Amino acid sequence: FRERIYALLDFYRPYQNKLGLLERLPGWVFVEWSKANAYVNDINFPVNMLYCGALEAAAELYHDAALLERARLVREQVASLASKTPFFPDHAIWEEGKLRVPGDHSEICQYLAFFFNFADPSTDSELFELLAREFGPGRDATVSYPELCPCNVLFGYPLRLEMLYRAGCHERLREDIKGYYAAMAAENGSLWEHSTPDGSLNQAANAHVVYYLHHCR
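The notes below deal with the structure included here.

Here is what the cut-offs are and how they apply
Residues numbered from 1 in each chain as written. Predicted model: local features only at pLDDT ≥ 70, side-chain atom pairs only at ≥ 80, totals over all residues. Heavy atoms only, no water. Helix = DSSP H or I, 4+ residues; strand = E, 2+ residues; numbered from the N terminus. Rg over C-alpha atoms; globule rule 2.2 N^0.38 Å. Buried < 20%, exposed > 50% of the residue type's maximum accessible area, 1.4 Å probe, protein only. Contact = heavy atoms within 4.5 Å. Areas by Shrake-Rupley, 256 points an atom, 1.4 Å probe, with all protein chains shown as cover. Lys, Arg positive; Asp, Glu negative; His and termini not counted. Charge placed at Lys NZ, Arg CZ, Asp CG, Glu CD. Phe/Tyr/Trp six-rings, centres within 6.5 Å; stacked < 30°, edge-to-face > 60°. Lys NZ or Arg CZ within 6 Å of the ring centre and 35° of its normal.

### Quick notes on the overall build of the protein
Next, step 1: Helix and strand counts for the protein stand at eight helices and five strands.
Next, step 2: Going from the N terminus to the C terminus, the protein shows its helices and strands as α-β-α-α-β-β-β-α-α-β-α-α-α.
Next, step 3: Taken against the 2.2 N^0.38 rule, which gives 17 Å for 217 residues, the C-alpha radius of gyration of the protein at 18 Å falls within 12% of a compact globule.
Next, step 4: A buried classification covers 46% of the 217 residues belonging to the protein.
Next, step 5: The long-range share in the protein, meaning contacts at least 24 apart out of those at least 6 apart in sequence, stands at 61%.
Next, step 6: For the protein, the computed accessible surface area is about 11500 Å², with 55% contributed by carbon and sulfur atoms.
Next, step 7: Positive and negative side-chain charges in the protein, numbering 20 and 29 respectively, have mean positions lying 3 Å apart.

As structure tokens, this is what we get:
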């Protein structure tokens, strides 16, 4: 698969700006089934976090120092532009030749930051504790931190669960699994694509829940 992987990474090179970040990608830039999809212009930080992770994974797989350097530049620029206050912003936009970071924030962006090591529970303990304590299936987004659009099944739920799993918060992890998925399983014995029954009601991507239930008993 080496040729295919390098071809995919090369496809993105024309969309890297002078900072090394992906900008104004063509087609449908999908983050997840949430309002986060409205924050994709001009430089989307969740997409660049994912891009950084892909470059690092390929660099490790093929022992490629050049790919690792590309990833390092992306990581540095995202860390510089997307500083948390206290939440990571979703994007930066160009206005009169200057980059501006508007006040658009999504829940999934926070979980992606932890997943791709732009944040860490030990060094970013305040944000981690806030997310672990105040967010999740019991949050009323109209009252609690309404400035952060809530995540959805694909892909915010599993990213939150992975954040909790890596940090050893297994009790909270089990509670969140019940809060997110119990009603779906009770309704039709399967797990869904959306938090509401307006998409696939048998989404195989949710199989990761079985792994957590097995390892966090």
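Moving on from the coordinates now.
### Describing helix 4 (residues 107-115)
Next, step 1: Taking burial as the measure, the nine residues of helix 4 include eight buried ones, the bulk of the element.
Next, step 2: Looking at helix 4, one finds that the buried residues are Glu107, Ile108, Cys109, Gln110, Tyr111, Leu112, Ala113 and Phe114.
Next, step 3: Just downstream of helix 4, Asn117 is the residue with a positive phi angle, here 65 degrees.

### Some remarks on the packing of aromatic side chains
Next, step 1: Counted by the stated rule, this structure contains 19 aromatic pairs.
Next, step 2: On the basis of an interplanar angle of 25 degrees and a centroid distance of 5.3 Å, the ring pair of Phe135 and Tyr145 is categorised as stacked. Taken as a pair, Phe135 in the loop between helix 5 (125-134) and strand 5 (148-149) and Tyr145 in the loop between helix 5 and strand 5 lie far apart in primary sequence, ten residues in all.
Next, step 3: Given the relative accessible area of 1%, Phe135 is considered buried.
Next, step 4: Ring geometry for Tyr165 and Tyr212: centres 5.4 Å apart, planes at 55 degrees, overall tilted. One end of the pair, Tyr165, is in helix 6 (residues 156-166); the other, Tyr212, is in helix 8 (residues 208-215), and 47 residues separate them in sequence.
Next, step 5: When the ring centre of Phe118 is taken as origin, the NZ or CZ atom of Arg75, which lies over that ring, is 4.3 Å away.
Next, step 6: Of note, Arg166 hangs over the ring of Phe115, and the distance from its end group to the ring centre comes to 4.5 Å.

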